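A closer look at the structure
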Amino acid sequence: MHTQDTTDTEDTKLRGPAVWALVLTGVASFMAALDNLVVTTALPAIREDLGGKLEDLEWTVNAYTLTFAVLLMFGAALGDRFGRRRLFIVGLTVFTGASAAAALSTGIDALIAARAVQGVGAAIMMPLTLTLLTAAVPAARRGMALGIYGAVTGLAVASGPLIGGSLTEHISWQWIFWLNVPIGLALIPLARLRLAESTAPGARLDIPGTLLISGGLFGIVYALVNANSEGWTSAPVLTGLIVGSALVGGFIHHGFNNANPMLPMRLFRDRGFLGINLASLLMFLGMFGSIFLLSQFLQGVAGYSPTEAGLRMLPWTGMPMIIAPLAGILSDRIGGRPVVAAGLAFQALGLGWFAAILSADVSYAAQLPPLILSGIGMALYFAPAANVLMSTVAPADQGKASGTNNALREVGGALGVAVLASVFSAQGGYESPQAFTDGTVPALWIGAGAVALAAALALLVPRKAKAAQAPASLTTAVPDKVPAAG
């Protein structure tokens, strides 16, 4: 009896392979998640150093976000088919090399190209982190390991603007990319030595679906980014909108009719799945489009240094670290739907409040309440969103459901930057602090409206979960705390 007790205790410990898996996947996740927001506070410095117009700054963000979004589920399938450890190392290598290329960029076009390749690396690497981690950790300790993993990712998101601002101010903007290189070079051999290989022999690659959605989203975002400079009726913009929409339509048709599509459209027949995914897309549209402009406002108009701007963003980006555990407890008691809807409503109110008080000479004291309210809203949304999502699908579909939700969040971030920057450039510009404010205010109202609509859509989720919220539901999930509007 004593021997059995000892064995049971040992089985619940994080042994060597599990600890290595947690460290390696956690650090890789931190690096990629940090890269999502670290760029925002460096945008003014990049613009000053490399030149470029507003559209170029948008592509500095969206080149990463779009490639990450459209290749994320394809990257997971590659790992399942050819080896998760092998593809994790491939993704890590690509991400590290592209980070060095971004740091060495001497022009804005080279930087945008490097950011696109970074997104490819992240799309291969990130979906495999949780798969590798859950395979290495005993079931009895999986919840703890996933909790640590989530906290590390959340810390990266919270500290992204501050780290980006500090590196930009005290060294140079290139160091937001150089930071990844030594970390990546250390992780690559350790992953080879310390992670176990695994595959899913039946995995299939949906190459037609990947090509359709990649071309479609690129066309639409290209049109939105260039609409103000080239005109909404110009041939490139109209071509992007028409062809892009047609390709997205083809992707939807493919998802309904193909035997093994990257994104099974049948999942959207469930109103809860439809509601939480549309809400997530609109949440990221409003939130990341607003962060793109406000991070520049704090430096270009309010006059803060990059470090000071990053610090002043913390009440927004860092609030989930404080509130999310409480939100999780609250969602367990009253259900996830009201918590998610309330969080989205708070985020919308925060953005609307910001739009109402913003002026060229607004004080930080006036900005602080909407920042805090937005941060609380973000936390209330993030904490229960994964369980709300998983409650709408059968266990066999949870991996694809999580991948779908993460991809739509990334798409929402890319569209948010494109749409809100388009509103900004139509109403204002970089000519003066007042011009920047004139463009930012209507853009923030659009962002607030998008998130308010997300709050309404969240109410489509059924009151009672259909599936148990079991820890095992996360074993095949893609990380769902990685906002990525880089």
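The model shown is predicted, which means the values in this text are computed figures rather than measured ones.

Here the focus is the overall build of the chain. Counting its secondary structure elements, the chain contains 18 helices and zero strands. Evaluated residue by residue, the chain yields a buried proportion of 59% over its 486 residues. Taking contacts inside the chain between residues at least 6 apart in sequence as the whole, the part at least 24 apart equals 85%.

Once that is clear, we can look at the packing of helix α2 (residues 16-38) against helix α5 (residues 84-103). Each packed pair of helices is defined by two parameters, the angle between the axes and the distance between the axes. For the pair α2 and α5, interaxial distance at closest approach is 12 Å and the crossing angle is 40°. For the crossing formed where α2 meets α5, the hand is left-handed. Touching L24, A28, M31, A32 and D35 of α2 are F88, L92 and F95, all from α5. Here the contact of α2 with α5 is composed, by residue class, of seven nonpolar, no polar and one charged.

Per-residue pLDDT for the chain averages 80, and the proportion of residues at 70 or more is 88%. For the chain, the element scoring lowest by mean pLDDT is helix α1 (residues 2-11), at 42; α5 scores highest, at 93. Contacts for the low-pLDDT stretch residues 1-12, under 50 throughout, to residues beyond four places or in other chains number four contacts. Note that pLDDT drops below 50 for residues 465-486; the model gives that stretch 75 contacts with residues more than four away or on any other chain.

This part covers the packing of helix α15 (residues 336-357) against helix α18 (residues 433-458). Running from N to C, α15 and α18 cross one another at 165°; their axes reach a closest spacing of 8 Å. Classed by the angle they form, the pair α15 and α18 counts as roughly antiparallel. As for the relative orientation of α15 and α18, their crossing is left-handed in sense. Here R337, V340, A341, L344, A345, Q347, A348, L351, G352, F354, A355 and A356 of α15 lie close against α18, whose contacting residues are V441, L444, W445, G447, A448, V451, A452, A454, A455 and A458. In the contact of α15 with α18, the residues fall into 18 nonpolar, three polar and one charged.

Take the nonpolar core next. Where a protein is soluble and globular, its nonpolar side chains tend to be buried together. Judged by nonpolar contacts, the single largest core of 137 residues is most densely connected at F88, F292, W316 and L344. Looking at this core, the element that brings in the most residues is helix α12 (residues 271-300), giving 16 residues. In this structure W316 touches M287, S290, I291, L294, Q347, L351, L371, S374, G375 and M378, once residues within four positions along its chain are discounted. Counting six residues, the second-largest nonpolar core is a separate cluster that includes M319, I323, A327 and V339.

Next up on the list: the side chain of Q299. Within the secondary structure, Q299 is located in helix α12. By relative accessible area, Q299 is classed as buried at 13%. In this structure, Q299 is in contact with T41, P44, Y304, S305, P306 and A309, ignoring residues within four places of it in sequence.

We now examine the side chain of N277. Note on placement: N277 falls in helix α12. With near-sequence residues (within four places) excluded, N277 lies in contact with F268, L389, T404, N405 and L408.

This part covers the environment of S99. Within the secondary structure, S99 is located in helix α5. Given the relative accessible area of 0%, S99 is considered buried. Note: C-alpha distance between S99 and V181 (82 residues apart in sequence) is 6.6 Å. Dropping the residues within four chain positions of it, S99 is found in contact with Q118, F177, N180 and V181.

Right, let's get into the packing of aromatic side chains. Summed over all chains, the structure comprises eight aromatic pairs. With a centroid separation of 5.0 Å and an interplanar angle of 70°, the aromatic rings of F268 and F273 are classed as edge-to-face. The exposure class assigned to F268 is buried, which follows from its relative accessible area of 19%. Lying over the aromatic face of Y430, R47 brings its terminal NZ or CZ to 3.8 Å of the ring centre. Its end group placed over the ring of Y304, R312 keeps NZ or CZ at 4.1 Å from the ring centre.

On to helix α6 (residues 108-136), then. Helix length check: α6 (29 residues) gives 41 Å between terminal C-alpha atoms against 42 Å at 1.5 Å per residue, within 8%. Maximal helix bending in α6 amounts to about 30°, located at L128. Summarising burial for α6: 21 of the 29 residues are buried, a large majority.

In a regular helix each residue adds 1.5 Å, so 30 residues correspond to 44 Å; α12 covers 43 Å between its end C-alpha atoms and thus fits that length. Judged by how many residues are buried, α12 sits mostly within the fold: 26 of 30 residues are covered. N-cap assignment for α12: the residue whose side-chain oxygen lies 2.8 Å from the backbone N of G272 is D270.

Taken together, the side chains of V19, V23 and V27 define a hydrophobic patch exposed on the protein surface, amounting to about 190 Å² of accessible area. The topology assignment puts V23 in helix α2. The exposure class of V23 is partly exposed, given its relative accessible area of 41%.

Quick notes on the rules
Residues numbered from 1 in each chain as written. Predicted model: local features only at pLDDT ≥ 70, side-chain atom pairs only at ≥ 80, totals over all residues. Heavy atoms only, no water. Helix = DSSP H or I, 4+ residues; strand = E, 2+ residues; numbered from the N terminus. Buried < 20%, exposed > 50% of the residue type's maximum accessible area, 1.4 Å probe, protein only. Contact = heavy atoms within 4.5 Å. Axes fitted to C-alpha atoms, helices over the stretch in contact; angles between N-to-C directions. Left-handed = near helix turned anticlockwise from the far one by under 90°. Nonpolar A, V, L, I, M, F, W, Y, C, P; charged D, E, K, R; others polar. pLDDT = per-residue confidence, 0-100. Parallel < 35°, antiparallel > 145°, perpendicular 65-115°, else oblique. Core = buried A, V, L, I, M, F, W, Y, C linked by side-chain atoms within 4.5 Å. Phe/Tyr/Trp six-rings, centres within 6.5 Å; stacked < 30°, edge-to-face > 60°. Lys NZ or Arg CZ within 6 Å of the ring centre and 35° of its normal. Expected span 1.5 Å × (residues − 1). Bend = angle between axes of the 7 residues up to and from the residue. Polar contact = N/O pair within 3.5 Å; in protein donor to acceptor, adjacent residues only side chain to side chain. Patch = residues over 30% accessible without salt bridge, like charges linked within 9 Å, V, L, I, M, F, W, Y side chains within 5 Å. Areas by Shrake-Rupley, 256 points an atom, 1.4 Å probe, with all protein chains shown as cover. Salt bridge = Lys/Arg side-chain N within 4 Å of Asp/Glu carboxyl O.

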